[in-house]
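Breakdown of the fold
Given next are the chains, with one letter for each unit.
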Amino acid sequence: MDTSKELLFFFSALGAFNGIILGVYFFFFTKKKYLTNYFLGALLFALSIRIGKSVFVYFHPELPKMYLQFGLTACFFIGPCLYYFIKSAVDEVQIMPKSWKLILAFWGTLIVAVGVFYPYELYPKLWSGYFIRIIYLQWFVYILFAGFELRTVLKKILSRKEKTAPAEMWFGMLFLGNFLLFLFYFLSIIGAPGATYISGAVVFSFILYLGISILLYRKKTDDLFLLNGKISNKKIDSAEAVMWSEKLENAMHEKSLYKNPNLTLQDLSQEINISSHQLSQFLNNNLGKNFTSFVNEFRVAEACKIIASNNKLTLESVGYDVGFNSKSTFFAAFKKHTGTTPLNYQLQAL
């Protein structure tokens, strides 16, 4: 292998390796646990396996055929991960819907079953003929779906008539990068003039390093995963709303989080593993209340139980016990939620 090929191999292989590391980071180690993080991590992981296979097979074609099967299996998940990565950001989804899980489980079961019953080593013509076409068709269809979801952002970027936000540029770059990657691989497979099999790995490495440079350059990266910087007026869909309500109820009742006088929106959002942006949207649009009102409901309900069961405690101490940080705040919140003062409630309970 001459120097130029060694550099090409090093650059491409390093890109695949860094893609896996970055994928693991987005999946496990980001501070804000957006659903988009998980899908981006899965997307980078699938891409890196696909690229790694291309690199090693291109420079070492004598490798066992199982590497080809492994790479094409990973390729089967690139399209779905790209689509759900973008859709979860556009629709502000933070808890994976059951339908998404079923679709991903279906694709996973299908490709694993095909690999078990028709291994590449025994059926090379089947894989290089029919299966690879199905895999690339599926990838292309998901690219179209993802592009449709991101159409407003892409139109804004391409027209250059409006200023684009960092998150819009980030998602646009990731989508266009995936499209270019698919295009280079597809052209090399059909034998287009000038298209080489390794070109896809080079494109991926370039896009990956560009993405890493953006992440390193920016002091704040959480906003890159929020296409809508402000809270929208859109309600969370019913299925997701039920899941969020159950998580909130469990967190407030089982852990008595409301008793913490310094409880913040961010604390509660981290407890149920969603963003503070999404939690605020849910409370405002679905429940019709702000964070303070939501938490005070639990505090007042607990105060009512204590007052009704124990008349030896002072009302001020009850307020502090349930999480209020002052007597005046407790009295005001109590009257707002019950329509009466704590003293009147205590007299009625005697």
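Because the structure is a prediction, the values reported are computed rather than measured. (Residues numbered from 1 in each chain as written. Predicted model: local features only at pLDDT ≥ 70, side-chain atom pairs only at ≥ 80, totals over all residues. Heavy atoms only, no water.)

Here we take up the side chain of Asn-296. Position of Asn-296 relative to the elements: it lies in helix H12 (residues 291–309). Asn-296 gets classed as buried once you look at its relative accessible area, which sits at 8%. If we skip the residues at most four places from it in the chain, Asn-296 touches Phe-324, Ala-333 and His-337. (Helix = DSSP H or I, 4+ residues; strand = E, 2+ residues; numbered from the N terminus. Buried < 20%, exposed > 50% of the residue type's maximum accessible area, 1.4 Å probe, protein only. Contact = heavy atoms within 4.5 Å.)

With that settled, the discussion passes to the pattern of salt bridges. This structure, assessed with the given rule, holds 3 salt bridges. When the shortest N-O distance is used, the salt bridge between Lys-87 and Glu-149 registers 3.3 Å. Here Lys-87, found in helix H3 (residues 66–90), pairs with Glu-149, found in helix H5 (residues 124–149); they are 62 residues apart in sequence, far enough to count as distant. Judged by relative accessible area, which is 16%, Lys-87 ranks as buried. Overall, the relative accessible area of 17% leaves Glu-149 in the buried class. A salt bridge links Glu-271 to Lys-255; the shortest N-O distance between them is 2.3 Å. Pair noted here: Glu-271 is in helix H10 (residues 265–271) and Lys-255 is in the loop between helix H9 (238–254) and H10, with a separation of 16 residues, a long-range link. (Salt bridge = Lys/Arg side-chain N within 4 Å of Asp/Glu carboxyl O.)

So, on to the packing of H3 against H5. Contact pair H3 / H5: the axes reach a minimum separation of 9 Å and the direction vectors enclose 10°. Put simply, H3 runs roughly parallel to H5. Looking at the contact of H3 with H5 residue by residue, the classes come out as 18 nonpolar, 4 polar and 2 charged. (Axes fitted to C-alpha atoms, helices over the stretch in contact; angles between N-to-C directions. Parallel < 35°, antiparallel > 145°, perpendicular 65-115°, else oblique. Nonpolar A, V, L, I, M, F, W, Y, C, P; charged D, E, K, R; others polar.)

Quick look at the packing of aromatic side chains now. Under the criterion given, the structure shown has 27 aromatic pairs. Taking the centre distance of 5.8 Å and the plane angle of 10° together, the rings of Phe-182 and Phe-186 count as stacked. Of this pair, Phe-182 and Phe-186 both sit in helix H7 (residues 166–189), 4 residues apart, roughly one helical turn. Aromatic pair Trp-244 and Phe-282: ring centres 5.4 Å apart, planes at 75°, arrangement edge-to-face. Pair noted here: Trp-244 is in helix H9 and Phe-282 is in helix H11 (residues 276–286), with a separation of 38 residues, a long-range link. The pair formed by Trp-244 and Phe-282 is uniform in burial state, with each residue classed as buried. Feature note: the residues Phe-39, Phe-76, Tyr-83, Tyr-84, Trp-100, Phe-106, Trp-107, Tyr-142 and Phe-145 constitute an aromatic cluster, connected by ring pairs. When the ring centre of Phe-148 is taken as reference, the NZ or CZ atom of Arg-151 above it lies at 4.0 Å. Taking the ring centre of Phe-324 as reference, the NZ or CZ of Arg-299 above it sits at 5.6 Å. (Phe/Tyr/Trp six-rings, centres within 6.5 Å; stacked < 30°, edge-to-face > 60°. Lys NZ or Arg CZ within 6 Å of the ring centre and 35° of its normal.)

The description of two helices packed together rests on the angle between their axes and the distance between the axes. One can describe the packing of H5 onto H7 by two numbers: an axis separation of 11 Å at closest approach and a directional angle of 155°. Relative to H7, H5 is oriented roughly antiparallel. Judged by the twist between their axes, the crossing of H5 over H7 is left-handed. Along the contact surface, H5 presents Ile-132, Tyr-136, Trp-139, Phe-140, Ile-143, Ala-146 and Gly-147, while H7 presents Phe-175, Asn-178, Phe-179, Leu-181, Phe-182, Tyr-185, Phe-186 and Ile-189. In terms of residue class, the contact of H5 with H7 is made up of 13 nonpolar, 2 polar and no charged. (Left-handed = near helix turned anticlockwise from the far one by under 90°.)

Turning to the confidence of the model for the protein, a few remarks are in order. Residues with a pLDDT of 70 or more make up 79% of the protein, whose mean pLDDT is 79. For the protein, per-element mean pLDDT is lowest for helix H8 (residues 199–217), which scores 62, and highest for helix H4 (residues 98–117), which scores 92. (pLDDT = per-residue confidence, 0-100.)

Further remarks concern the environment of Ala-46. Examined against the element boundaries, Ala-46 turns out to sit in helix H2 (residues 35–59). Considered as a pair, Ala-46 and Cys-81 are 35 residues apart in the sequence and their alpha carbons are 8.5 Å apart. Residues contacting Ala-46, with those up to four places away along its chain left out, are Ala-74, Phe-77 and Ile-78.

Further remarks concern the nonpolar core. Counting residues in each nonpolar core, the largest one holds 53 residues, and the members touching the most others are Leu-40, Ile-86, Trp-127, Ile-135, Tyr-136, Trp-139 and Phe-175. Put simply, the parts of the chain that give this core at least two residues each are helix H1 (3–29), H2, H3, H4, H5, helix H6 (151–159) and H7. Top contributing element to this core by residue count: H3, with 12 residues. Once residues lying within four places of it in the same chain are set aside, the contact partners of Tyr-136 are Arg-50, Cys-75, Phe-182, Tyr-185, Phe-186 and Ile-189. Counting residues in hydrophobic clusters, the runner-up holds 19 residues, among them Leu-257, Leu-263, Ile-272 and Phe-282. (Core = buried A, V, L, I, M, F, W, Y, C linked by side-chain atoms within 4.5 Å.)

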